[in-house]
Amino acid sequence: MQPMEVGVFLCSTGIDDPLEALKKLQELGINNCQLPPLGPDWLTTEKAGVIRKALDDAGVVATTQFVGFPDESYADIAAVERTVGFLQEDKLPERMEMTKKAIAFGAEVGVPAVAAHIGFVPEDTADPRYPRLVDTIREICDACADKGLKFSMETGQETAEEMREFIKTVDRPNLHVNFDPANMILYGKDKPVEAVGVLAPWIVSVHCKDGDWPTKEGQLGSEQPLGEGQVDIPAFVAKLKEIGYTGPLTIEREAGDDRIGDILRAKELLESLR
Ligand code: MG
């Protein structure tokens, strides 16, 4: 793969079956992807072999395995806080078990990194959930390290400076960042282009996604096709070049009814900027 090669977050195709989605990427001339959160049915050694073969057949490289959970909700900010990631104590054992299966699966597929939304890092480090989350992320990083993998936190549910402090506290060499500029805006948290500078040493992958700031308290902002929202995608890509980023530019599109059209337009835009 070349530096800043354009890829796609596989679920952004809108095609649920990852094998069909990989065929679609081949058709679109896209040679790299991030693998979506997969359910327990997929997270086996046998299915890792199936995915590996489908990747080979499509000529696509998988750059990250995402982890997510079926009962997470992104309906509004309160729902995200309540349901996403590793903050809920009662869900933690089952979510850790699934995360470890995803790590083993990712290693068998041959990805270099596993990534997740870890949930809102509490703003107040005296919040008892803060040290618990630190311990949880250490455990995940160590499970990744055992397989030679990086672990990437997705940005956006906290400010860049809060994330930087959290990363320093976790203090694991394989802890990195999957930088999503739109999330910073959608969650009303931070200015994405400046935030790239704050998190530069840890960024190993990015989501190329766009959006507008929230207009109502407690609501998320609205996602927009790449280049049509308030991220300033040319400035974002220029900033990635400035920090020496050489990883893929992974298109993410979670809204709209023309996913494939939006992906193709995003690819064209990114290829003109990279
Ligand atoms: Mg994202």
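Please refer to the structure placed before this passage.
Residues numbered from 1 in each chain as written. Predicted model: local features only at pLDDT ≥ 70, side-chain atom pairs only at ≥ 80, totals over all residues. Heavy atoms only, no water.

## Observations concerning the coordination of the magnesium ion
On the protein side, the magnesium ion has Glu154 (OE), Asp180 (OD), His207 (ND1) and Glu252 (OE) as donor atoms, found 2.0 to 2.2 Å from it. Each donor residue of the magnesium ion lies on one chain, and together they are spaced E-x25-D-x26-H-x44-E. Taken together, the positions of Glu154 in strand S5 (residues 150–154) and Asp180 in the loop between strand S6 (175–179) and helix H7 (181–186) put the pair 26 residues apart, joining distant regions of the chain. Like Glu154, the residue Asp180 is buried in the burial classification. (Donors = N, O, S within 2.8 Å, 3.2 Å for Na, K, Ca; no water. Helix = DSSP H or I, 4+ residues; strand = E, 2+ residues; numbered from the N terminus. Buried < 20%, exposed > 50% of the residue type's maximum accessible area, 1.4 Å probe, protein only.)

## Observations concerning the pairing of S6
Of all the five residues making up S6, five are buried; the element is thus mostly covered by neighbouring parts of the structure. With burial as the criterion, each face of S6 is covered, one bearing Leu175, Val177 and Phe179 and the other bearing His176 and Asn178. Bridge analysis of S5 against S6 gives four bridges, and the strand direction is parallel. Note on S6: the bridge partner recorded for Phe151 is Leu175. Regarding topology, helix H6 (residues 160–170) serves as the crossover connection from S5 to the parallel S6, and that connection is right-handed. (Pairing = 2+ DSSP bridges. Right-handed = clockwise from strand over helix to strand, strands pointing away.)

## Some words on the side chain of Gln157
On the secondary structure map, Gln157 appears in the loop between S5 and H6. In this structure the side chain of Gln157 is engaged in a polar contact, spanning 3.0 Å, whose partner is the side chain of Tyr187. In this view, Gln157 contacts Tyr74, Val80, Val84, His117, Gly119, Phe120, Tyr187 and Lys189; residues no more than four positions away in its chain are not counted. (Polar contact = N/O pair within 3.5 Å; in protein donor to acceptor, adjacent residues only side chain to side chain. Contact = heavy atoms within 4.5 Å.)

## Details of the nonpolar core
With 86 residues, the main nonpolar core has Phe86, Ile137, Phe151, Phe166, Phe179 and Phe236 as its most contacted residues. The biggest single contributor to this core is helix H5 (residues 129–146), with eight residues. For Ile137, the contacting residues outside a window of four places in its chain are Phe86, Ile118, Phe151, Phe166, Val170 and Leu175. (Core = buried A, V, L, I, M, F, W, Y, C linked by side-chain atoms within 4.5 Å.)

## Quick look at H6
Those residues of H6 lying buried are Ala160, Met163, Phe166, Ile167 and Val170. One face of H6 carries all of its buried residues, which in axial projection span an arc of 120 degrees. Looking at the buried side of H6, the elements it contacts are H5, S5, S6, H7 and helix H8 (192–199). Asp171 lies just past H6 and shows a positive phi near 60 degrees. (Arc of directions from axis to C-beta.)

## Concerning the sheet that holds S5
Strand order in the closed barrel formed by eight strands is S1-S2-S3-S4-S5-S6-S7-S10, and the pairing between neighbours is parallel. Between one strand axis and the next, the sheet turns through 30 degrees on average, direction left out of account. Examined bridge by bridge, strand S1 (residues 6–9) and strand S2 (residues 32–35) share two bridges and lie parallel to one another. If you follow Phe9 over to S2, its bridge partner there is Gln34. The strands touched by helix H10 (residues 259–273) are S1, strand S7 (203–208) and strand S10 (249–251); relative to S10, the strand with the most contacts, the crossing angle is about 160 degrees. (Axes fitted to C-alpha atoms, helices over the stretch in contact; angles between N-to-C directions.)

## Some points on the packing of aromatic side chains
Counted according to the given criterion, the structure contains five aromatic pairs. Centre to centre, the rings of Phe9 and Phe66 are 4.7 Å apart; their planes meet at 45 degrees, and the pair counts as tilted. You can see Phe9 sitting in strand S1 and its partner Phe66 sitting in strand S3 (residues 61–67), a full 57 residues away along the chain. Above the plane of the ring of Trp42 lies Lys47, whose end atom (NZ or CZ) is 4.9 Å from the centre. (Phe/Tyr/Trp six-rings, centres within 6.5 Å; stacked < 30°, edge-to-face > 60°. Lys NZ or Arg CZ within 6 Å of the ring centre and 35° of its normal.)

## Comments concerning the side chain of Thr13
Tracing the backbone shows Thr13 in the loop between S1 and helix H1 (18–28). Classification of Thr13 as buried rests on a relative accessible area of 4%. A polar contact is formed between the side chain of Thr13 and the backbone nitrogen of Ile15, at a distance of 3.2 Å. Beyond its immediate sequence surroundings of up to four residues, Thr13 is in contact with Val8, Ala21, Leu25, Arg259, Ile260 and Ile263.

## Quick look at the pattern of salt bridges
Throughout the structure, instances matching the rule amount to 23 salt bridges. Taking the shortest distance from any N to any O, the salt bridge between Glu27 and Lys24 comes out at 3.1 Å. Of this pair, Glu27 and Lys24 are both found in helix H1, three residues apart, which corresponds to roughly one turn of the helix. Using a relative accessible area of 21% as the deciding quantity, one classes Lys24 as partly exposed. (Salt bridge = Lys/Arg side-chain N within 4 Å of Asp/Glu carboxyl O.)

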